[in-house]
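Tertiary structure, described
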2 protein chains.
Amino acid sequence: MTYIEDLGRQAKAAARVVRLLSAQAKNDALEAIAVALLEQQTEILAANERDLENGRQNGLTTALLERLTLTEARIQGMVDGLRQIAALPDPILKTDSQWVNKDGLRISRRRVPLGVVGIIYESRPNVTVDASALCLKAGNAVILRGGKEALESNQAIVAAVQAGLAKSKVPSTAVQLITDPSRELATEFMQLNQYVDCLVPRGGAGLIQAVLRQATVPVIETGVGNCHLYVHTEADFEQAYNILLNGKLQRPSVCNALENLLVDAEFAEKFLPEATAALIDAGVEILGDEKVVELVPQATLATDEDYATEFLDYRIAVKIVDNYEEAVAHIERFSTGHSDAIVTKDYSTAQHFLNDIDSACVYVNASTRFSDGEVFGFGGELGISTQKLHARGPMGLEALTSYKYVIEGDGQVRA
Amino acid sequence: MTYIEDLGRQAKAAARVVRLLSAQAKNDALEAIAVALLEQQTEILAANERDLENGRQNGLTTALLERLTLTEARIQGMVDGLRQIAALPDPILKTDSQWVNKDGLRISRRRVPLGVVGIIYESRPNVTVDASALCLKAGNAVILRGGKEALESNQAIVAAVQAGLAKSKVPSTAVQLITDPSRELATEFMQLNQYVDCLVPRGGAGLIQAVLRQATVPVIETGVGNCHLYVHTEADFEQAYNILLNGKLQRPSVCNALENLLVDAEFAEKFLPEATAALIDAGVEILGDEKVVELVPQATLATDEDYATEFLDYRIAVKIVDNYEEAVAHIERFSTGHSDAIVTKDYSTAQHFLNDIDSACVYVNASTRFSDGEVFGFGGELGISTQKLHARGPMGLEALTSYKYVIEGDGQVRA
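- An unreviewed UniProt entry annotates chain A as Gamma-glutamyl phosphate reductase originating from Fundicoccus ignavus.
- Of the comments in the UniProt record for chain A, the one headed Sequence similarities (unreviewed entry) reads "Belongs to the gamma-glutamyl phosphate reductase family."
- Turning to chain A, the UniProt record has this under Catalytic activity (unreviewed entry): "L-glutamate 5-semialdehyde + phosphate + NADP(+) = L-glutamyl 5-phosphate + NADPH + H(+)".

Structure (structure tokens):
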């Protein structure tokens, strides 16, 4: 049995225990983890300092170092998150539906955990706690494979998590970390169908594509958001202006930030100069079609590739459209199906947009920045799914469950 | 653009139309297909005769030839199936849930189609119609890749389907068949993530494993059923006897047939000789552990591999267990998570079994042969999922849908 198979076997055994625990037992375990994180804070911060030192020596960018950094406040944030997840309703063993079939069998569909969830992520050490907590609350065991830049931090965090679990009814093997960062082991992990029920990659497009290509375990694709705002000719000027600025400026590096702006030709003449001036003031580079460049002299010509790109940066691709149909066709062509929005006062146009756009989150008169599990009221999220199978949009606890059919009879056989 | 890419592009375009059609328009299309199948019956039967002739020349087994054979009655069966599916409630645009979040956004979760569904199957030509009808009813387009033994039959059937669709609001490209049976094209199809939202393999374990290994498109794993019956010491003798015989004998070649029998030691002495005698009379080979061989002289010793095998044949692996825990541990080790049953009169044991066994369908006092979409009341099925992601157990129309979030605001931006 290889190292990875052994992790898988232990996770599966742990999952069989966690699956049957009461909500109280799982919540007690989350609280025990919270206490252990605070108790082992010094060790965690010291381990993080070693990762940061390695990172600086290996020339990590400032942005990456920033993501990697832990502080007392960030550890407190993890602890708060654990308590928030403990306070959520338990999603397990709820009966979704129940009926009696023509043979007189009573059939019920009950929520059950997925089993063993694999999380493959980059250098944010807070994912180690957040993802584990969501998985445990939904009755699952978890195997974590974090970025090698955060290995020391993750080891220290998982040591604290396991110390907490040791004081609870949840086996400490319910949360395990792959401590050998080799690619061969990562590939073996992604093909461990015997033990792993589902993989969730969290990170950039490169990581996600690599997992999709290599995995034979079912994957939930998350994250890439080439999000659109369509300002309809009947838009409220101020709403459109605020939603554009919020979508582009409030946090440009995240997947629900705006990357594309479409404006109806009629509305563009007054709206575009004023709106782009505010964006340019904030340091945003404007890419646009010829009509945009005419109205906004600072804009440069956009290519199809620009319209297809998730910039995650102070840059936006703008297009002036002749009508609703052109806007919808553009979104259909370039959207990654994450979050797309319209601003309009026209009821019928709004209703059409909600039906016509085939994205996980479709907005009328609100910022795409709201696509978030916590904002939606799920109490946290494991990521935002951009695939249609299993879970779509922000994934809360329910996305970490499956169901089973329970069939109760009185000796029935099939004719 | 390759042949496969072109099919994908056309399917995606068709899916955008089908997605927005009313229930009536989709039902009219299913009726148009039914009429076209009857009109083109002569051509379909002639094409099937060519497949059968090829099959006989290539030495196909009697069982395979039987599966491949179409008759007027079987075509009528397809037509009946189409009308049954048309009569089902439309699963699309139903709102699963709706709430207002803390920002005052109205968030609704609406059922939407998956988009483009790929079906990869073996030589049963009725799947061509059944799978297409379920996909269309749920608002999807479908690309079919059937076995090469049935290629002429499938071409004739799809010609009829497309002729029917041409008289409806559904584009005829909503149902397409891959007519080149090469493996390279099959692989390209399984990796067509740009256009295909989900793959469903239908067939034997070899086909399913090949798809899981090669696909990058999300797959719903179906089918392999190593199903168990556990006869508890408090079982009703007659119920246990009938459920065992029904599970093993009624249709041994299907995935919900019984493959394993576990009997509590106390109960085995009276039950096993009588029950196995009936099975042996019906031509079933008994494999068992040493205690079984003592009680049933005709039995031969079973290996672990026998306990792990889905025989799909007149053969059963039997084990005498000391108690409930041993039975559950055996099922956990060998079950493929399809359908497992207990026979007991004890209420508490029944309830424990329903929680402890982690399979798609868990039965008390009824035959595993009931694991079937039509029997469950879904009006048909695309297969029985043995994975936990997306859909589990018999997959009806709902398994062919996804959801999206619709968020309605009044100018809200994120703080």
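Here the narrative resumes, following the displayed structure.
1. What to know about the sheet that holds strand β7 (residues 227–231) of chain B
- The strand order β1(A)-β2(A)-β16(A)-β13(B)-β12(B)-β7(B)-β8(B)-β11(B)-β9(B)-β10(B) describes an open sheet built from ten strands, whose pairing is mixed. Each of the sheet's edge strands pairs with one partner strand only, and the pair in question is β1 (95–100) of chain A together with β10 (300–301) of chain B.
- Both strand β8 (residues 258–264) of chain B and strand β11 (residues 315–321) of chain B contribute to a ladder of five bridges, which runs parallel. Bridge pairing in β11(B) links Val263(B) to Ile320(B).
- In the packing of helix α14 (residues 324–334) of chain B onto the sheet, contacts are made with β7, β8, β11 and β12 (339–343) of chain B, and the angle to β7(B) comes to roughly 175°.

2. Some details on the relation of the copies chain B and chain A
- For these two chains of identical sequence, chain B goes onto chain A by a turn of 180° and a shift of 0.0 Å along the axis, with RMSD 0.1 Å. Here the symmetry operator amounts to a two-fold rotation axis. When C-alpha distances to the rotation axis are compared across chain B, the minimum falls at His390(B), with a value of 1.8 Å.
- A symmetric contact is evident, with 100% of the interface residues of chain B recurring at the interface of chain A.

3. Some remarks on the domain arrangement of chain A
Residue and element names in this part refer to chain A.
- Domains assigned within chain A are domain 1 (3–222 + 382–408) and domain 2 (227–372).
- Computed over C-alpha atoms only, the centres of domain 1 and domain 2 are separated by 35 Å.
- Across the domain 1/domain 2 interface, buried area totals approximately 670 Å², and carbon plus sulfur atoms make up 57% of it.
- Three residues, Ile384, Thr386 and Arg392, lead the burial of domain 1 against domain 2; their summed loss comes to 60% of the area buried on that side.
- Linking domain 1 with domain 2 are two salt bridges.
- Two residues, Lys388 and Asp358, come together in a salt bridge whose shortest N-O distance is 2.7 Å.
- If you list the elements that add at least two residues to the side of domain 1 that touches domain 2, you get β14 (384–385) and β15 (393–394).
- In the side of domain 1 that touches domain 2, the residues fall into two nonpolar, three polar and three charged.

4. Looking at the packing of aromatic side chains
Residues and elements named next belong to chain A.
- The final tally for this structure, using the stated rule, is 24 aromatic pairs over all chains.
- Arranged with centres 5.4 Å apart and planes meeting at 75°, the rings of Phe237 and Phe271 form a pair that is edge-to-face. In this pair, Phe237 sits in helix α10 (residues 237–249) while Phe271 sits in helix α11 (residues 265–281), placing the two residues 34 residues apart along the sequence.
- Given a relative accessible area of 25%, Phe237 falls into the partly exposed group.

5. Some points on the state of the cysteines
Residue and element names in this part refer to chain A.
- Counted under the stated rule, the structure contains zero disulfides over all chains.
- Not part of a disulfide, Cys135 finds its nearest cysteine sulfur in Cys198, a span of 8.1 Å.
- Lacking any disulfide linkage, Cys361 is separated from the closest cysteine sulfur, that of Cys227, by 8.7 Å.
- On the basis of relative accessible area, Cys361 is assigned to the buried category, the value being 0%.

6. Observations regarding helix α14 (residues 324–334) of chain A
Residue and element names in this part refer to chain A.
- Among all positions of α14, only Tyr324, Ala327, Val328, His330, Ile331 and Phe334 are buried. The buried residues of α14 all sit within an arc of 160° when viewed along its axis, so they share a single face. Looking at α14, the residues exposed on the side facing more than 90 degrees away from the buried face are Glu325 and Arg333.
- Tucked into the core, α14 has its buried residues touching β7 (227–231), β8 (258–264), α13 (304–308), β11 (315–321), β12 (339–343) and α15 (347–356).
- Taking the backbone nitrogen of Glu325 as reference, a side-chain oxygen 3.3 Å away marks Asn323 as the first, capping residue of α14.

7. A few points about the pairing of strand β3 (residues 116–121) of chain A
Residues and elements named next belong to chain A.
- Counted residue by residue, β3 has six buried out of six residues, so it is predominantly covered.
- Burial along β3 is two-sided: Val116, Gly118 and Ile120 facing one way and Val117, Ile119 and Tyr121 facing the other are all buried.
- Where β3 meets strand β4 (residues 141–145), five bridges bridge the pair, whose relative direction is parallel. For Val117, the partnering residue across the bridge sits in β4 and is Val142.
- Note that β3 and strand β6 (residues 198–202) share five bridges and pair parallel. Bridging across to β6, Ile119 finds its partner in Val200.

8. Quick notes on the sheet that holds strand β3 (residues 116–121) of chain B
Residues and elements named next belong to chain B.
- Read across the sheet, four strands follow the order β5-β4-β3-β6 without closing on themselves; strand pairing throughout is parallel. The strands lining the two open edges of the sheet, one partner per strand, are β5 (175–177) and β6 (198–202). Taken over all neighbouring pairs, the strand axes of this sheet differ in orientation by 20° on average, direction set aside.
- Across the sheet, helix α1 (residues 3–18) lies against β3, β4 (141–145) and β5, angled at about 150° from β4, the strand it touches most.
- Across the sheet, helix α9 (residues 205–214) touches β3 and β6, and the angle it forms with β6 is around 160°.

9. Quick word on the packing of helix α6 (residues 126–137) of chain A against helix α7 (residues 151–166) of chain A
Residue and element names in this part refer to chain A.
- Taken N-terminus to C-terminus, the directions of α6 and α7 make an angle of 35°; their axes are 10 Å apart at the nearest point. Here α6 runs over α7; the crossing is right-handed. Contacts between α6 and α7 pair Thr128, Val129 and Leu136 from the former with Asn154, Ile157, Val158 and Leu165 from the latter.
- Per-class residue counts for the contact of α6 with α7 are five nonpolar, two polar and no charged.

10. Here's the deal with the UniProt feature "domain: Aldehyde dehydrogenase" (unreviewed entry) in chain A
All names here are of chain A.
- Per the UniProt record, the feature "domain: Aldehyde dehydrogenase" (unreviewed entry) sits at residues 8–279 and 317–406.
- In residues 8–279, helix accounts for 52% and strand for 17%; the two terminal C-alpha atoms are 49 Å from one another.
- Across residues 317–406, the secondary structure splits into 28% helix and 29% strand, with the terminal C-alpha atoms separated by 52 Å.

11. A closer look at the interface of chain B and chain A
- Counting residues at the interface gives 76 residues for chain B, matched by 76 residues for chain A.
- When the buried area of chain B at its contact with chain A is split by residue, Lys388(B), Leu389(B) and Arg414(B) rank highest and sum to 13% of it.
- One can count ten salt bridges joining chain B with chain A.
- Residue Asp197(A) is joined to Lys388(B) by a salt bridge in which the shortest nitrogen-to-oxygen separation is 4.0 Å.
- In terms of residue count, strand β16 (residues 401–412) of chain B provides more of the side of chain B that touches chain A than any other element does, eleven residues in total.
- Tallied by class, the residues present in the side of chain B that touches chain A amount to 35 nonpolar, 20 polar and 21 charged.

12. Some details on helix α6 (residues 126–137) of chain B
All names here are of chain B.
- Over its twelve residues, α6 runs 17 Å from end to end, which matches the ideal 16 Å to within 8%, given 1.5 Å per residue.
- With ten of twelve residues buried, α6 is to be regarded as a mostly interior element.
- Just downstream of α6 lies Gly139, where phi reads positive at about 85°.

Reading the values: the criteria
Residues numbered from 1 in each chain as written. Chains lettered and ligands numbered in written order. Predicted model: local features only at pLDDT ≥ 70, side-chain atom pairs only at ≥ 80, totals over all residues. Heavy atoms only, no water. UniProt positions renumbered as here; feature names shortened; annotations may be inferred. Pairing = 2+ DSSP bridges. Helix = DSSP H or I, 4+ residues; strand = E, 2+ residues; numbered from the N terminus. Contact = heavy atoms within 4.5 Å. Axes fitted to C-alpha atoms, helices over the stretch in contact; angles between N-to-C directions. Least-squares fit on C-alpha atoms with pLDDT ≥ 70 in both. Domains from an automatic or database assignment. Buried area = accessible area lost by both parts, 1.4 Å probe. Salt bridge = Lys/Arg side-chain N within 4 Å of Asp/Glu carboxyl O. Nonpolar A, V, L, I, M, F, W, Y, C, P; charged D, E, K, R; others polar. Phe/Tyr/Trp six-rings, centres within 6.5 Å; stacked < 30°, edge-to-face > 60°. Buried < 20%, exposed > 50% of the residue type's maximum accessible area, 1.4 Å probe, protein only. Disulfide = S-S within 2.5 Å. Arc of directions from axis to C-beta. Polar contact = N/O pair within 3.5 Å; in protein donor to acceptor, adjacent residues only side chain to side chain. Left-handed = near helix turned anticlockwise from the far one by under 90°. Expected span 1.5 Å × (residues − 1).

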